[in-house]
Amino acid sequence: MKTALGILLMASSISVSAQVRLPEFTREQLPNGATLILLPRHDVPLVSVRAVFRGGAESEPAGLNGITSVTVEMMRRGAGKRSASQIDLDLDFLGASLSSGSNRQSAWFALEFLSKTAPEAMAIFGDILAQPAFPEEEVRKVLAQTADRVRAAKDNPAAAVGPYFNGLFYPSGHPYRHSGSPDELSVTRINREEIQKHYRRMAAGRNLIFVASGDFDPKQFAPLARKIAGALPPGEAFQPPAPKDPRFDRPRLLIVDKPDATQTYFRIGMPGIHRRHPDRIPLLVANTLFGGRFTSLLNDALRVNAGLTYGATSIMDLDRLSGAIAINSYTPTATTVKAIDLALDVLRQFAGKGVSQEQLDSARNYIKGNFPTDRLETSDQLCAILAELEIFGLDRRDIDGFFQLLDALTVDAVNAAIRRHFTPDNLQFCLVGNASAIQKETAKYAAAAKVISIKTEGFAAPDF
Amino acid sequence: MVQVTEHTLSNGMKILIHEDHDVPNVALYLFFKVGSRNERPGATGISHFFEHMMFNGAKKYGPKQFDIQMEKAGGRNNAYTTRDVTVYTDWFPRSALELMFDMEADRIRDLSFDPKIVESERGVVSSERRTSVDNNPFGTLYEQLNATAYIAHPYQWPVIGWASDIEAWTMDDLKAHYRMGYAPNNCVVVVSGDVTPAEVLPLAKKYFEPIPSQDPPPPVRTVEPPQLGERRVEVHRPANLPMLMLSYHIGAAKDPDFPVYELIETLLTGGRSSRLHQRLVEKDQLVLSAGGGVRPSLDPGQFLFTFQVRSGRQPADVEKALYEELERLSKEPVPAEELQKAKNQILADFYRQLKTISGKANLLGSYEVFYGGWGQILQAPAQIEKVSAADIQRVAAKIFSPRNRTVATLIPEQRAEVKQ
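What this report covers is the structure whose coordinates are included nearby. (Residues numbered from 1 in each chain as written. Chains lettered and ligands numbered in written order. Predicted model: local features only at pLDDT ≥ 70, side-chain atom pairs only at ≥ 80, totals over all residues. Heavy atoms only, no water.)

### Focus on the packing of aromatic side chains
Here is step 1: Evaluation of the coordinates by the stated rule reveals 41 aromatic pairs over all chains.
Here is step 2: With a centroid separation of 5.7 Å and 85° between ring planes, the pair formed by Tyr 170 of chain A and Tyr 176 of chain A is classed as edge-to-face.
Here is step 3: The buried category is assigned to Tyr 170 of chain A, whose relative accessible area is 1%.
Here is step 4: Its relative accessible area of 0% is what places Tyr 176 of chain A among the buried residues.
Here is step 5: Between Tyr 178 of chain B and Tyr 182 of chain B, the ring centres sit 5.8 Å apart and the planes meet at 25°, which makes this aromatic pair stacked. (Phe/Tyr/Trp six-rings, centres within 6.5 Å; stacked < 30°, edge-to-face > 60°. Buried < 20%, exposed > 50% of the residue type's maximum accessible area, 1.4 Å probe, protein only.)

Set out below in structure tokens:
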């Protein structure tokens, strides 16, 4: 009966059946160990280039969290014969845009330029990667700006709840305990010498993935790219750490007190998975249904049915090391407990009941329907996805076979994965809001509870 | 570069179709020419509320069904409301094309108004307001700036509405607003992506053409009177850092000087080499960020500046440095190389908007609504190229006068005791 119903539903629904494939690209290893990937395509007269260094937050020395993002910012502030303002001016004159950043396992630069300006734009990019000068005055300026950015972030509780959650969820010494940005403490320890040391470790050929996609002729462009990516010393390949996964034997509650807040911002997490985990595909489907899209169970209950919030989602980390699956939402101070209770009800029911064939079909179509525009439409998206495969040690089969794996999923497989990972015991609660108004009623969520002021330096949780 | 098939249905609805077969997906954008400028005191924010209500059920597709059916078919949607327009944005695989036409037609023609759902959605919008305005220093200050910069025209109230109005809309308000704004003749539909006009036009005729046209929203009669002197507003609230915003009145999108405004915007705030970034962020180190610029609008709009002031710095010093830069713009001709740089930046940004089917749909609809026709896109690069250094001096002198400005300052009530 169940099978027959499933077939009927599938026949009557619109199926998103096409498969996706990465376009053709070339991949080579340069003598200094760098990986060079080229993917020409000609829809608009733009070229995207992405240089990614392995490491990121995972490579940061203790107490210097956020140094990767500062180093990356410093690399464009004076390089080769150009000062910081000359680099800005030269790039803007070409109409080029340079962005950069860091995450848990890498640091990256993305440059996009008009194809006719390739030689000039690439020359600047090469200097930034291989010849940064780290002028003392620019270091001072960037560190002072960074300190103010941390202060500004704490004025916006929607942005602050993530870093506080990481501080609670990951144990001391785990590289993901910090969110990749400096805090008030680490910014005082970062200096020019540490930045240079960090740069020398990071900017090694063996750590570099260099990807270009867009409107270029590989015959002319490849020598240019090889010259830049091959200019770094081979150095040593980054050896990632292997800390223990977060595991909890009791629920814990951290309230970050912001007395003027009129809403409570909450994130509630449990241990999740990493990017290469065998449960990734079933959990993508599960998380889509739980809190990963507008009609998800969480958003339906908290926003659509109850009107308690503008949005309720669940976030599933997919990094090199295992991360969290976390509920994320906010609600007026007076309805804090009502909203959290409702979110926990949804979680318990989902963990107990699992999903149906109809839900699986819907989530599968949703993931497949959105994937092309989310990841494969533009040259910069293609650069990002190709670099991501390298970072995680995957190849094109991860994309080319993605829809087939989704198509092969069964309800039983999804529900088994839900049973393994959606574990409503020992949840970790992080709340940013007016502590005096919510502390008493939220005490029921965890016997182990702490309150800290948002003015306390850093984002780490106190000892429980 | 941009090829478009244009068609007007017999009920006045305009359809623009742009073929792009890079990915097997489609972007469907519906631009309704109704926004907060079409509201009145007591019912502010109602256009934005409708942005929400349009997802809450119609005759054929009941409550929640728009999202449920769409996501099941592999699609996703969103919407945005501005002072001038409400735009519904759908992204989906080409297999869902007919479903989307059916569902969009259903809610344009036969939206339902369930009192229970209205109440629940009111809570959602209140939450959105609390998070984007009340718990956000930027949102708070921006609201106060506009309420001060405009004294007569509807651009004075926030798009999301005043908190008391959100609590107070009546069912009659909602129904009247729906009739006013959601007529097919008040809408431009843009389809961009893996489709052909031969597929789209029959669907538009089948689903959209039977919807009767209506009287469009009454013209907005109020013209903002010329500002006769500087206005200032202060906001005191808990925050770690001060913030500063300024507004100067300028013309609407159809103002022949609009390309000049865009060049001034790029010279002042476009990229890290821009004058304000170099002066205020890098040289004087007074602010963390210097943002702002112009947005096309149906009625005369604003040149806006926003600054996140550094700790220990005074907003007054930021003002002084800004005024020096604005004066330099009107006193000294922009060097040819700097002008060329700004033109290059604008052209490259223009290409960036054409990278995605969503970007193309949004650009086509915006040009159609604000600049008098999508075909203006083809003129845009030439119009930018035409702007001279003398144009910039003339326009800067006209708009950046002290009597035309409004200054809003956020003053932190308490400073966090953080060591550096």
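### Considering the packing of helix 11 (residues 315-331) of chain B against helix 15 (residues 389-399) of chain B
All names here are of chain B.
Here is step 1: The geometry of helix 11 relative to helix 15 is characterised by a closest axis approach of 7 Å and an angle of 135° between their N-to-C directions. Comparing their axes, helix 15 and helix 11 come out oblique. Facing Leu 329, Ser 330 and Lys 331 of helix 11, the residues of helix 15 in contact are Ile 392, Gln 393, Ala 396 and Ala 397.
Here is step 2: Taken together, the residues that form the contact of helix 11 with helix 15 break down as four nonpolar, two polar and one charged. (Axes fitted to C-alpha atoms, helices over the stretch in contact; angles between N-to-C directions. Helix = DSSP H or I, 4+ residues; strand = E, 2+ residues; numbered from the N terminus. Parallel < 35°, antiparallel > 145°, perpendicular 65-115°, else oblique. Contact = heavy atoms within 4.5 Å. Nonpolar A, V, L, I, M, F, W, Y, C, P; charged D, E, K, R; others polar.)

### Some words on the sheet that holds strand 8 (residues 243-249) of chain B
Residue and element names in this part refer to chain B.
Here is step 1: Read across the sheet, five strands follow the order 7-11-8-10-9 without closing on themselves; strand pairing throughout is mixed. Each edge of the open sheet carries a strand with a single partner, namely strand 7 (231-237) and strand 9 (287-294). The sheet shows a mean angle of 10° between the axes of neighbouring strands, taken without regard to direction.
Here is step 2: Sitting on the sheet, helix 5 (residues 137-149) touches strand 7, strand 8, strand 10 (302-309) and strand 11 (405-412), and the angle it makes with strand 8 is about 30°. (Pairing = 2+ DSSP bridges.)

### Some points on the interface of chain A and chain B
Here is step 1: At the interface, 71 residues of chain A touch 66 residues of chain B.
Here is step 2: Here chain A and chain B share an interface that buries about 6,100 Å² over both sides, 51% of which is from carbon and sulfur atoms.
Here is step 3: The three residues of chain A that bury the most area against chain B are Phe 93, Arg 151 and Asp 155 of chain A, which together make up 11% of that side's buried surface.
Here is step 4: A salt bridge links Arg 303 of chain A to Glu 121 of chain B; the nearest nitrogen and oxygen atoms lie 3.6 Å apart.
Here is step 5: On inspection of chain A and its partner chain B, the count reaches 35 residue pairs in polar contact (both at pLDDT 80 or more).
Here is step 6: Taken together, the elements giving at least two residues each to the side of chain A that touches chain B come down to helix 3 (84-93), strand 5 (106-114), helix 5 (136-153), strand 8 (263-271), helix 11 (297-305), strand 10 (324-332) and helix 13 (357-376) of chain A.
Here is step 7: No other element matches the ten residues that helix 13 of chain A contributes to the side of chain A that touches chain B.
Here is step 8: Per-class residue counts for the side of chain A that touches chain B are 25 nonpolar, 20 polar and 26 charged. (Buried area = accessible area lost by both parts, 1.4 Å probe. Salt bridge = Lys/Arg side-chain N within 4 Å of Asp/Glu carboxyl O. Polar contact = N/O pair within 3.5 Å; in protein donor to acceptor, adjacent residues only side chain to side chain.)

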